[in-house]
Amino acid sequence: MASMTMKLGSKSEVFHRDGQTWLCSTGLPSDLVVEVGEMAFHLHKFPLLSRSQVIENRINDYSSEDDEKCVLQFHDLPGGAKTFLLVAKFCYGIRLELTALNIVGIRCAAEYLQMTKDRGDGNLIMLSESFLNEMFGHWTDTIKALETCKEFLPYSEELHIFSRCIDSLAMKACADTNLFSWPLPENGIAQCPEGNHVLWNGICSTAKPQPLSEDWWYEDASLLRLSSYKRLILAVESRGMKPERIAGSVVHYAKRHLSLLCRQSSFQGRNHAAPRSLVSHPSDADQRNLLEEIVALVPTQKGATPTNFLLRLLRTSMVLQARPSCQDKLEKQIGAQLDQAALEDLLIPNIGYSMETLYDIDCVQRILDHFARVDNEPLDPSNYIIDEGQLMGGSHPLTPMTMVATLVDGYLAEVAPDVNLKLPKFQSLAAVIPDYARPLNDGIYRAIDIYLKAHPWLTDSEREQICSLMNCQKLTLEASTHATQNERLPLRVIVQVLFFEQLRLRTSIAGWLFVTDNLENSQNPNGNLDNAGNNTRVGAVRDHLVEADDIMERVSVLEKECSGMKEELEKLVKAKRGWNLFLKKLGFRSKSKSIDPKTVKSCLLIQKNQSP
């Protein structure tokens, strides 16, 4: 869209440049020299003193000394020689245009030279203010003017040009997008997409106007300098903009300017190309300062900012070695909404000085601890009690704590192969999740199995400790079958899994038989069902009986395996007793504690009591 302009003056150009000198070819000899920086303007007194109170005062003071050509110096003029040339043209009535790119400099220079209404109705201050007020109604021109304000400090601040630009942009960004058509009206003319015609009343002749999305201002805002962008974000926040929209803009700004943000990758090789940044080769110090400023702008409301973006910010802050307070804020904010995180984003490479583990376990531990502190989820045991169907099918209620439990179990499975991962750290991560938050324990079992496979040197006591993190009663049939054949598990755990699996299957069979008996009792004396609805129940019972047959087959297989294990255990116990007696006769004592006969006997007694 065309930018807004205002044309001043009507005379043709009379200024021409010769090196570091501007000359005015009006036919009259110059009697005034104005020096601005390294540039000299050879002008005439009357056109300038009639428009500027400051120039008139300087000329009067200078004339009292001698009659030579008057020389005035304005080295601190806002905008320098470039702006003074435009002011001189205005004084001579030469054609010039006020635009969004030069209006701030002209307004500041007019204030500096006191070109007020005392110098006439068509003074430069009045004209430039009129243009500014009209320009504030246009988004693009206001953006352009705002970016030029930094060159004219402190005048742009004292004249409230900077703040007025910010207020204008904030008002438009916070406005209801349903009030606008596509695209945002500029210069008072609504246009239609793809160059369609617009009728005199603003109605598109060939296409229906499209509504604006809430993120229409993100791209333009991301082009601002950081100081201007911060002021804009604070302004829209004070006007009540939703935190989600503010977070969206901050994300867009960070992706454009933080070159390291989108280049972070996990060890699975997922690389992301960063969009082109306005700064070609920023230094680490500049990037670190920018990161800390962006983190300060991120809304603190839970869920307003995507968790994956916060985790990428955290990873970037580690690379840039941001201040601890910056990382601490990110960790707390991530912890508050950890249930929204993805596993791949939690795999933060360890770049600390110790480099003990492949991934930064300590960082995830701090995030998880903070989640446990801020999670105010009421403990309702009924939400976590699952029946047989839910256990077999894997369906259970999802709450923030259960979602984090699944996330932690997946994370433990990813970090478990690291041979440098110590058992206390593994236990500490897993223990943060309470038992009720894991309706199924397949995930933690998988992580434990991977850890045991990667750490074969663990003692029997340590294996017992890590397996205590798992509730054998909450394993699915597939996981239980795998566990009973897992040689890495301690014998006590295998026996427990067998016991709970048999108990579960027998309970299921008893339930199906109970339903069958009730339906048989509901039949009439003639052997016919009471109504047509019973036919449906009979069909369902038949299906259940087929399933029960499958379950009984599994029970028989497990009973055979259990019987074999009983025989082997009894042989081991007898052999151990005989060997101990032999060693005692020779005067030795056995130090092996791989199998505890008392433990085995207790488990076998439980098995026998539950047998049919």
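Every residue gets a number counted from 1 within its own chain, in the order that chain's sequence is written. Given that this is a predicted model, residues contribute local features only at a pLDDT of at least 70 and side-chain atom pairs are listed and counted only at 80 or more, while totals for whole chains, interfaces and linings are drawn from all residues. Excluding hydrogens and water, the side-chain values take into account all heavy atoms of the structure.

- An unreviewed UniProt entry lists the chain under the name BTB/POZ domain-containing protein At5g03250-like, with Gossypium arboreum given as the organism.
- UniProt lists a comment for the chain under the heading Pathway (unreviewed entry), and it reads "Protein modification; protein ubiquitination."
- The Sequence similarities (unreviewed entry) comment attached to the chain in UniProt states, word for word, "Belongs to the NPH3 family." UniProt positions are given in the numbering used here, feature names are shortened, and annotations may be inferred rather than shown by experiment.

**Some details on the overall build of the chain**
Item 1. When helices and strands are counted, the chain shows 25 helices and 7 strands.
Item 2. Classification of residues uses two cut-offs on accessible area relative to the type maximum, computed with a 1.4 Å probe and protein chains only: under 20% is buried, over 50% is exposed, and between them is partly exposed. Classification of the 612 residues of the chain by burial places 43% in the buried group.
Item 3. Sequence separation of 24 or more characterises 72% of the internal contacts of the chain that already satisfy a separation of 6 or more.
Item 4. We get accessible surface area from the Shrake-Rupley algorithm with a probe of 1.4 Å; when it comes to residues, only the shown protein chains can shield them. A total of about 32600 Å² of accessible surface is found on the chain, and carbon and sulfur atoms cover 53% of it. Each helix is a run of H or I in the DSSP string that is no shorter than four residues. Each strand is a run of E no shorter than two, and both are numbered from the N terminus. Contact between two residues is taken to exist if any of their heavy atoms lie within 4.5 Å; hydrogens are not considered.

**Focus on the pairing of strand E4 (residues 32–36)**
Item 1. With 4 of 5 residues buried, E4 is to be regarded as a mostly interior element.
Item 2. Pairing between two strands is assigned when DSSP locates at least 2 bridges connecting them. With 5 bridges connecting them, E4 and strand E5 (residues 39–43) associate as antiparallel partners. Note that in E5 the partner of Leu32 across the bridge is Leu43.
Item 3. The hairpin turn running from E4 into E5, its antiparallel successor, is 2 residues long, and Gly37 in that turn takes a positive phi close to 65°.
Item 4. The pairing of E4 with strand E6 (residues 70–73) spans 4 bridges and is parallel. Bridge pairing links Val33 to Val71 in E6.

**A few points about the state of the cysteines**
By definition, a disulfide is the covalent link that joins the sulfur atoms of two cysteine residues.
Item 1. Any cysteine sulfur atom paired with another within 2.5 Å is treated as part of a disulfide. Applying the stated rule across the entire model yields 0 disulfides.
Item 2. Between Cys149, a free cysteine, and Cys165, which holds the nearest cysteine sulfur, the sulfur-to-sulfur gap is 4.6 Å.
Item 3. For Cys149, a relative accessible area of 0% corresponds to the buried category.

**Notes on the pattern of salt bridges**
Item 1. A pairing counts as a salt bridge when a side-chain nitrogen of Lys or Arg comes within 4 Å of a carboxyl oxygen of Asp or Glu. What the rule picks out here adds up to 16 salt bridges.
Item 2. Residues Asp435 and Lys474 are paired through a salt bridge, measuring 3.3 Å at the closest nitrogen-oxygen approach. Of this pair, Asp435 sits in the loop between helix H19 (423–431) and helix H20 (442–454) while Lys474 sits in the loop between helix H21 (460–467) and helix H22 (477–484), and the two are 39 residues apart along the sequence.
Item 3. Residue classification places Asp435 among the partly exposed residues on the basis of a relative accessible area of 41%.
Item 4. The exposure class of Lys474 is buried, given its relative accessible area of 16%.
Item 5. Note that Asp449 and Arg488 form a salt bridge whose closest N and O atoms lie 2.9 Å from each other. Of this pair, Asp449 sits in helix H20 while Arg488 sits in the loop between H22 and helix H23 (491–521), and the two are 39 residues apart along the sequence.
Item 6. Judged by its relative accessible area of 29%, Arg488 is partly exposed.
Item 7. Through salt bridges with shared partners, one network takes in Arg107, Glu111, Glu129 and Arg164.

**Focus on the pairing of strand E3 (residues 21–24)**
Item 1. Side chains Trp22 and Cys24 project from E3 onto a buried face, and the interleaved Thr21 and Leu23 project onto a face without burial.
Item 2. Of the strand pairs in this sheet, strand E2 (residues 15–18) and E3 are connected by 4 bridges, and their pairing is antiparallel. Residue pairing in the sheet places Arg17 in a bridge with Trp22 of E3.
Item 3. Linking two consecutive strands that pair antiparallel, namely E2 and E3, is a turn of 2 residues; a positive phi of about 70° is found at Gly19 within it.
Item 4. Pairing geometry for E3 and E5, over 3 bridges, is parallel. In the strand pairing of E5, Leu23 is matched with His42.

**Some remarks on unusual backbone geometry**
Item 1. Each neighbour pair has its own omega, and for Leu153 with Pro154 the value is 5°, a cis peptide bond.
Item 2. Backbone geometry places Gln114, a non-glycine residue, at a positive phi of 55°.
Item 3. Here Gln321, not a glycine, exhibits a phi torsion of approximately 55°, which is positive.
Item 4. Note that Gln321 resides in the loop between helix H13 (307–320) and helix H14 (324–336).

**Concerning helix H5 (residues 124–135)**
Item 1. For H5, which comprises 12 residues, the first-to-last C-alpha distance of 16 Å matches the rise-based estimate of 16 Å (1.5 Å per residue) to within 8%.
Item 2. Buried within H5 we find Leu124, Ile125, Leu127, Ser128, Glu129, Phe131, Leu132 and Met135.
Item 3. Next to the buried residues of H5 lie strand E1 (6–8), helix H3 (80–92), strand E7 (96–98), helix H4 (103–112), helix H6 (139–148) and helix H8 (161–174).
Item 4. Throughout this description, a polar contact denotes any pair of N or O atoms lying within 3.5 Å of each other; where both atoms belong to protein, one of them has to be capable of donating a hydrogen while the other can accept it, and for residues adjacent in sequence the pair is counted only when both atoms sit in side chains. Between a side-chain oxygen at the N-terminus of H5 and the backbone nitrogen of Ile125 the separation is 3.3 Å; the capping residue is Asn123. What a helix is expected to span follows from its residue count: subtract one and scale by 1.5 Å.

**A short note on the sheet that holds E4**
Item 1. Taken together, 5 strands build an open sheet; the order of strands is E2-E3-E5-E4-E6 and the sheet is mixed. The open sheet has two edge strands with one neighbour each: E2 and E6. Taking each pair of neighbouring strands and ignoring which way they run, the sheet shows an average axis angle of 20°.
Item 2. Sitting on the sheet, H3 is in contact with E2, E3, E4 and E5, with an inclination near 10° to E5. Axis lines are fitted to C-alpha atoms, over the contacting stretch for helices. Their N-to-C directions set the angle, which ranges from 0 to 180 degrees.

**Points about the packing of aromatic side chains**
Item 1. In summary, the pairing rule links any two rings of Phe, Tyr or Trp, Trp by its six-membered ring, whose centres are within 6.5 Å, and it sorts them by plane angle into stacked for under 30 degrees, edge-to-face for over 60 and tilted for everything else. Across all of its chains, the model carries 8 aromatic pairs by this definition.
Item 2. An angle of 65° between the planes, with centres 4.8 Å apart, marks the rings of Trp139 and Trp216 as edge-to-face. Highlighted residues: Trp139 in helix H6 and Trp216 in the loop between H8 and helix H9 (218–222), separated in sequence by 77 residues. Comparing Trp139 with Trp216 shows no difference in burial state: the two are buried.
Item 3. Ring centres 5.1 Å apart and planes at 80° place the aromatic pair Trp217 and Tyr218 in the edge-to-face group.
Item 4. Chaining the aromatic ring pairs together yields one cluster made of Phe74, Tyr112 and Tyr155.

**Let's talk about the packing of H20 against H22**
Item 1. The contact between H20 and H22 brings their axes to 10 Å, and the two run at 25°. In terms of their interaxial angle, H20 and H22 are classed as roughly parallel. Our pair here, H20 against H22, has a crossing hand that is left-handed. Contact residues: Asp442, Tyr445 and Asp449 in H20; Ala479, His482 and Ala483 in H22.
Item 2. Partitioning the contact of H20 with H22 into residue classes produces 3 nonpolar, 1 polar and 2 charged. Our angle categories are set so that under 35 degrees counts as roughly parallel, over 145 as roughly antiparallel, 65 to 115 as roughly perpendicular, and the remainder as oblique. When the near helix sits turned anticlockwise from the far one by under a right angle, the crossing is termed left-handed; a clockwise turn instead gives a right-handed crossing. Amino acids are sorted into nonpolar (Ala, Val, Leu, Ile, Met, Phe, Trp, Tyr, Cys and Pro), charged (Asp, Glu, Lys and Arg) and polar (every other residue, Gly among them).

**Focus: the nonpolar core**
Item 1. What makes a nonpolar core is a set of buried Ala, Val, Leu, Ile, Met, Phe, Trp, Tyr and Cys residues whose side-chain atoms join them at distances within 4.5 Å. Among the nonpolar cores identified, the biggest contains 148 residues, and Phe15, Leu43, Phe74, Trp217 and Leu338 are the most heavily contacted of them.
Item 2. Looking at this core element by element, the count peaks at 9 residues for helix H18 (residues 400–415).

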